[in-house]
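Spelled out from the first residue to the last, the chains are:
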Amino acid sequence: MKTYDWIVVGGGITGAALSYELGRVGFSVLLLEPYPISDRASNATRYSYGGIPYWSGTTPLTRQLCTEGIDIQSHLTDELGADTEFRYLDLVLTIGLDEDVRRTLAGYRDGAIAPTLVSVSQACELEPLLDSKAIAGALLFKHAHVNPRRLVAAYCSAFQRHGGTLIHAKLERLLCDRHRTQGAIANGTTYHANNVAICAGGMSRQLLKDAGIHIKQYFTHAELIETKPVDLKLRALVMPATNQRMQFETDASQGEIDALWDESDRELAPPSIDPGAIQFLDRTIEIGQLSRLLTNPHAKVDAVQSEAKIRSQVGKVLPAIASLPGQWHSCLVAFSQDGLPLIGAVPDYANIHIFSGFTSPMVYVPTLARRFAAFANGASDDIIPQLSPLRFA
Ligand SMILES: Cc1cc2nc3c(=O)[nH]c(=O)nc-3n(C[C@H](O)[C@H](O)[C@H](O)COP(=O)(O)OP(=O)(O)OC[C@H]3O[C@@H](n4cnc5c(N)ncnc54)[C@H](O)[C@@H]3O)c2cc1C
């Protein structure tokens with residue numbers, strides 16, 4: 001009977017990076033992910049815009065992680081031996097006609113790098129597909145970008161090249177005895193391990209709940225439209241300067257609302273839309289994003305209505321993009337109460353860990369996966385203990 005040092009559950013960006021890093025420091029690792037990369041219909045990483053907001057740190061902790069994150073991202077193509085499509089591009093954050101331009105700019109004053117306020121004509125020069133009549137101006141960042149699917153593929157192949165095992169199977173349940181796990185059952189097979197790390201994105205809460213473990217992790221149902229490769233050229237990553245989703249998530253995890261997450265089929269707030277779009281190097285475009293706070297991770301929504309809502313809002317800012325043919329998709333995006341990820345052993349179980357709830361995984365995951373693996377291997381770390389899920393206990 002083989003006993004792995006670690007079983008990692010979930011092969012999105014969090015699980016792929018963590019598996020690679022745990023393997024890199026010498027652990028034997030089994031990564032369980034039900035779907036091949038080409039067929040992950042509901043995986044959040046598959047639909048990520050791929051932006052790396054390395055400029056966004058507002059505290060000494062997040063600034064340090066952003067500095068480390070961009071450094072690692074910029075070297076990953078070489079390190080993993082596969083192209084992640086890392087590049088720099090303009091991030092144009094649109095300011096609506098009903099917004100106060102100065103106040104919107106002031107909202108970014110705590111970030112490590114300040115944006116440049118640009119006029120309507122400058123914004124439209126940077127991104128000619130913007131409708132000049134729909135915005136009062138924009139904030140500009142030199143943004144970093146990666147193709148999330150390629151990044152995950154690169155992490156997974158490097159992981160396997162270094163001896164890691166990837167099995168396409170779905171975790172059915174954790175094997176728990178008192179306050180320890182012995183491993184997991186997936187697709188009817190028992191796998192033994194000394195440690196398990198849950199990296200199942202928005203499903204992490206449910207998987208742990210099934211094992212009787214309650215954690216303060218939540219999820220948004222995110223919806224978007226994905227096009228086939230198109231001739232139209234979208235130069236910048238476009239998003240609104242005032243992001244509805246962030247506030248929405250902060251409100252939905254506080255006080256008495258927190259308790260409602262254990263009730264099935266609740267809608268905790270009306271849906272919100274942050275109109276934006278990104279074109280990847282393969283010329284496909286992602287158009288988003290509608291967010292819903294539904295406590296049932298399997299909740300069904302009216303896709304036709306949702307798609308129409310996204311198109312109508314995006315059409316106000318990027319009219320040519322909004323009318324492109326495309327396919328509607330939805331996925332779950334995990335988040336936490338304080339915007340920082342949950343990393344470490346869960347309450348009452350020394351060897352069941354969570355590595356999830358990242359607000360900006362493209363910048364934070366590579367460095368925190370590296371730090372976590374070194375910490376698990378006995379190195380001291382001043383950051384990992386600060387992100388323990390026990391901070392909410
Ligand atoms: C439209 C959109 C744009 C975004 N843009 C950005 C951006 O620009 N920058 C950024 O940093 N982030 C962005 N994000 C957020 C980012 O995509 C997610 O936070 C991130 O991909 C989550 O990664 P994950 O590994 O936690 O989850 P996922 O990618 O969802 O992966 C979880 C995996 O767990 C697997 N799983 C589930 N249940 C089981 C089980 N029982 N057994 C085994 N495996 C299981 C699933 O199959 C899945 O592959 C965006 C998200 C969306 C929706």
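Residues numbered from 1 in each chain as written. Predicted model: local features only at pLDDT ≥ 70, side-chain atom pairs only at ≥ 80, totals over all residues. Heavy atoms only, no water.

Draft legend 1. Representation of the state of the cysteines. Summed over the entire model, instances satisfying the criterion amount to 0 disulfides. No disulfide involves Cys156; its nearest neighbouring cysteine sulfur is the one of Cys199, lying 11 Å away. The class of Cys156 is buried, set by a relative accessible area of 5%. (Disulfide = S-S within 2.5 Å. Buried < 20%, exposed > 50% of the residue type's maximum accessible area, 1.4 Å probe, protein only.)

Draft legend 2. Focus on helix α12 (residues 361-376). With 12 of 16 residues buried, α12 is to be regarded as a mostly interior element. Among the residues making up α12, those that are buried are Pro361, Met362, Val363, Tyr364, Val365, Pro366, Thr367, Leu368, Ala369, Arg371, Phe372 and Ala373. Once α12 finishes, Gly378 follows within two positions and takes phi at roughly 105°, a positive value. (Helix = DSSP H or I, 4+ residues; strand = E, 2+ residues; numbered from the N terminus.)

Draft legend 3. Focus on the pattern of salt bridges. What the rule picks out here adds up to 20 salt bridges. Of the charged contacts, one joins Asp131 and Lys133 as a salt bridge, the two residues approaching to 3.3 Å between their closest N and O atoms. Judged by its relative accessible area of 64%, Lys133 falls in the exposed class. Here the salt bridges share partners, and the residues they tie into one network are Glu21, Arg24, Glu79 and Arg370. (Salt bridge = Lys/Arg side-chain N within 4 Å of Asp/Glu carboxyl O.)

Draft legend 4. Focus on the domain arrangement of the protein. If you check the domain split of the protein, you get domain 1 (3-83 + 148-216 + 338-392) and domain 2 (90-144 + 217-336). Using C-alpha coordinates to define each centre, domain 1 is positioned 25 Å away from domain 2. Contacts between the two partners involve 41 residues from domain 1 and, on the opposite side, 39 residues from domain 2. Summing both partners gives a buried area of about 3,100 Å² for domain 1 against domain 2, and 55% of it is carried by carbon and sulfur. Sorting the residues of domain 1 by area buried against domain 2 places Tyr49, Trp55 and Arg205 first, and these three jointly supply 30% of that buried surface. Counting across the domain 1 and domain 2 interface gives 6 salt bridges. Here Arg149 makes a salt bridge to Glu226, at a shortest N to O gap of 3.9 Å. (Domains from an automatic or database assignment. Contact = heavy atoms within 4.5 Å. Buried area = accessible area lost by both parts, 1.4 Å probe.)

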